[in-house]
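Summary of the model geometry
As a plain string of letters, each chain reads:
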2 protein chains.
Amino acid sequence: MDAQAMETEVWGDITPDAARRLVVAAVEAFAERGYHATTTRDIAGRAGMSPAALYIHYKTKEELLYQISGVGHRRSLTLLRQAAEGGGTPAGRLRTAVRSFVRWHAEHHTTGRVVQYELGALGPEHYAEIVELRRRSEATMRSIIEDGVRSGDFDVPDVSGTTLAVLSLCIDVARWFNPDGRRTPDQIGELYADLVLRMVRPG
Amino acid sequence: MDAQAMETEVWGDITPDAARRLVVAAVEAFAERGYHATTTRDIAGRAGMSPAALYIHYKTKEELLYQISGVGHRRSLTLLRQAAEGGGTPAGRLRTAVRSFVRWHAEHHTTGRVVQYELGALGPEHYAEIVELRRRSEATMRSIIEDGVRSGDFDVPDVSGTTLAVLSLCIDVARWFNPDGRRTPDQIGELYADLVLRMVRPG
DNA sequence: CGCCACCCTGAGCAACCGCTTAGCCGCCTG
DNA sequence: CAGGCGGCTAAGCGGTTGCTCAGGGTGGCG
């Protein structure tokens, strides 16, 4: 699946077409340059429109970021929830959680970069809402690890520190992933799942 | 060691005093808001000067960033080099490398944030130079892991992928570290060193 | 066929930005 | 003591920014 199709997967249900084109353009520009270095003229230009058109569909530039951030966080939280609620062993659930979280951040690395690294550009109320979503993602990952500790499958002296480490691994993929690189998102997902299982494996 | 002393450690040898105050102010502002959201008025204000004073000591705003980035990268590369060149076992060297790299990013998380997340704001020549320093850091960490694989101390199917994962862990500390948090930089360093050793431990 | 609503553009506004310049002040040296 | 130099400030410049407004065009509906 190429980059274009990937973006369509995430933003495909935004209507009308113009609003969707603006969001896609904003994701690309924010991922490439950062929120503050991106201008509304830049976004509109990439969407094939004038700067004023942006304000037909979005109240402010920050609202664009908020929408992107919300969708991205909800999507990735859903993945973690699905892994946590899956059957099987704790190791299987952790493997699935890491693999799909990492794969998502690799496949959607442009969205991932915006979602993970542009929080500081959100307004206070939007920020609080997004931080709550992030807390839930952390809580979901921690509960998978806790389950494994309880069942004896995992040996984890510091559960919350380890949870933070696992999330760092997954999230940071968005920062360095290169679509022209040697590994596919799947391969990175498998590698990281293996690395994380070794982190929690009893000695 | 409090935050003030920490900054002095990194920037203490910059003269004259005004230039040092400007750099320290820039580090704080860039870490807090990002390069592009920080204005020269903001930096100068934090240093107790007028905006024009900045240009007595630095050619441009980007040169400030370049100096911060250079110092930060050189410092952290030196830590890795020292760990790699240390005696003892491969596991000992990896433990030292991770512990001190993580501790540095925690103790100097404001500098670390600028160093790790504001690369995109550098001009092309400065960027190329900094990327070279980052490559050396990665090569140093990889050589520590390779030594362990060669000696049989480590079991690592994908050395470069694992190296990237280890660096992600260490670097990302700068993003989330909170001085008011429950763990000290030392404790996080120990935890992460342990986690990394488990990642490479033979099964 | 005419009207209305929606989407968009061109032009512009008020504020802000990185950086420059002219002049002042204090300190040091001859 | 006077002059020069370095460091700094106040003021400003040219350009850019996020956002607004008036008007045009198109499509759909009565």
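Residues numbered from 1 in each chain as written. Chains lettered and ligands numbered in written order. Predicted model: local features only at pLDDT ≥ 70, side-chain atom pairs only at ≥ 80, totals over all residues. Heavy atoms only, no water.

- The name an unreviewed UniProt entry gives chain A is TetR/AcrR family transcriptional regulator, with Streptantibioticus rubrisoli as the organism.

**A few points about the packing of aromatic side chains**
- Scanning the model with the defined rule gives three aromatic pairs over all chains in all.
- Ring centres of F30 of chain A and Y35 of chain A lie 5.2 Å apart, and the angle between their planes is 45 degrees; on these two criteria the pair is classed as tilted.
- Geometry around Y35 of chain B places K61 of chain B over its ring, the cationic atom sitting 4.5 Å from the centre. (Phe/Tyr/Trp six-rings, centres within 6.5 Å; stacked < 30°, edge-to-face > 60°. Lys NZ or Arg CZ within 6 Å of the ring centre and 35° of its normal.)

**A closer look at the protein's contact with DNA strand C**
- Around DNA strand C lies a shell of 16 residues, among which S50 and H57 of chain A together with T39, T40 and K61 of chain B are the nearest.
- Close to the protein, within 4 Å, the atoms of DNA strand C are drawn from sugar and phosphate at a rate of 54%.
- A distance of 2.9 Å separates a phosphate oxygen of DNA strand C from a polar backbone atom of T40 of chain B.
- When contributions to the surface near DNA strand C are tallied by element, the ones reaching two or more residues are α4 (54-57) of chain A together with α3 (40-46) of chain B.
- Residue composition of the surface near DNA strand C, grouped by class: seven nonpolar, six polar and three charged. (Near = heavy atom within 4 Å. Polar contact = N/O pair within 3.5 Å; in protein donor to acceptor, adjacent residues only side chain to side chain. Helix = DSSP H or I, 4+ residues; strand = E, 2+ residues; numbered from the N terminus. Nonpolar A, V, L, I, M, F, W, Y, C, P; charged D, E, K, R; others polar.)

**What about the packing of helix α7 (residues 109-117) of chain A against helix α9 (residues 159-176) of chain A?**
Residue and element names in this part refer to chain A.
- Where α7 meets α9, the axes come as close as 8 Å, and the angle between the chain directions of the two elements is 120 degrees. Here α7 and α9 pass one another in a crossing that is left-handed. Residues H109, G112, R113, Q116 and Y117 of α7 touch α9, and the partners they reach there are I171, D172, A174 and R175.
- Residues that form the contact of α7 with α9 fall into these classes: three nonpolar, three polar and three charged. (Axes fitted to C-alpha atoms, helices over the stretch in contact; angles between N-to-C directions. Left-handed = near helix turned anticlockwise from the far one by under 90°. Contact = heavy atoms within 4.5 Å.)

**Observations concerning the nonpolar core**
- Counting 64 residues, the largest nonpolar core has L94, V98 and Y192 of chain A together with L94, V98 and Y192 of chain B as the members making the most contacts within it.
- Sequence-distant contacts of L94 of chain B, that is, excluding residues within four places in its chain, are made with M141, I144, I145, F154, V196, L197 and V200 of chain B.
- Core analysis: the next-biggest nonpolar cluster, separate from the first, contains 32 residues, A26, L54, L119 and I130 of chain A among them. (Core = buried A, V, L, I, M, F, W, Y, C linked by side-chain atoms within 4.5 Å. Buried < 20%, exposed > 50% of the residue type's maximum accessible area, 1.4 Å probe, protein only.)

**Observations regarding α7 of chain A**
- Within α7 of chain A, seven of the nine residues are buried, leaving the element largely enclosed by the surrounding structure.
- Those residues of α7 of chain A that sit buried are H109, T110, T111, G112, V114, V115 and Q116 of chain A.

**A closer look at the UniProt feature "domain: HTH tetR-type" (unreviewed entry) in chain A**
- UniProt records the feature "domain: HTH tetR-type" (unreviewed entry) for residues 16-76 of chain A in the present numbering.
- Between the first and last C-alpha atoms of residues 16-76 of chain A the distance is 24 Å; the span itself is 72% helix and 0% strand. (UniProt positions renumbered as here; feature names shortened; annotations may be inferred.)

**Focus: the interface of chain A and chain B**
- Facing the 30 residues of chain A at the interface are 30 residues of chain B.
- Carbon and sulfur atoms supply 53% of the area buried between chain A and chain B, which totals about 2500 Å² over both sides.
- Three residues stand out in chain A for area buried against chain B, namely R175, R198 and M199 of chain A, and they jointly supply 22% of the buried area on that side.
- Our count for the contact surface shared by chain A and chain B stands at four salt bridges.
- Here D155 of chain A and R198 of chain B are joined by a salt bridge, their closest N and O atoms 3.2 Å apart.
- Remark: the boundary between chain A and chain B carries 14 residue pairs in polar contact (both at pLDDT 80 or more).
- Among the elements of the structure, α9 and α10 (185-200) of chain A are those that each provide at least two residues to the side of chain A that touches chain B.
- Sort the elements by how many residues they give to the side of chain A that touches chain B and α9 of chain A lands first, with 11 residues.
- Here the side of chain A that touches chain B is composed, by residue class, of 14 nonpolar, six polar and 10 charged. (Buried area = accessible area lost by both parts, 1.4 Å probe. Salt bridge = Lys/Arg side-chain N within 4 Å of Asp/Glu carboxyl O.)

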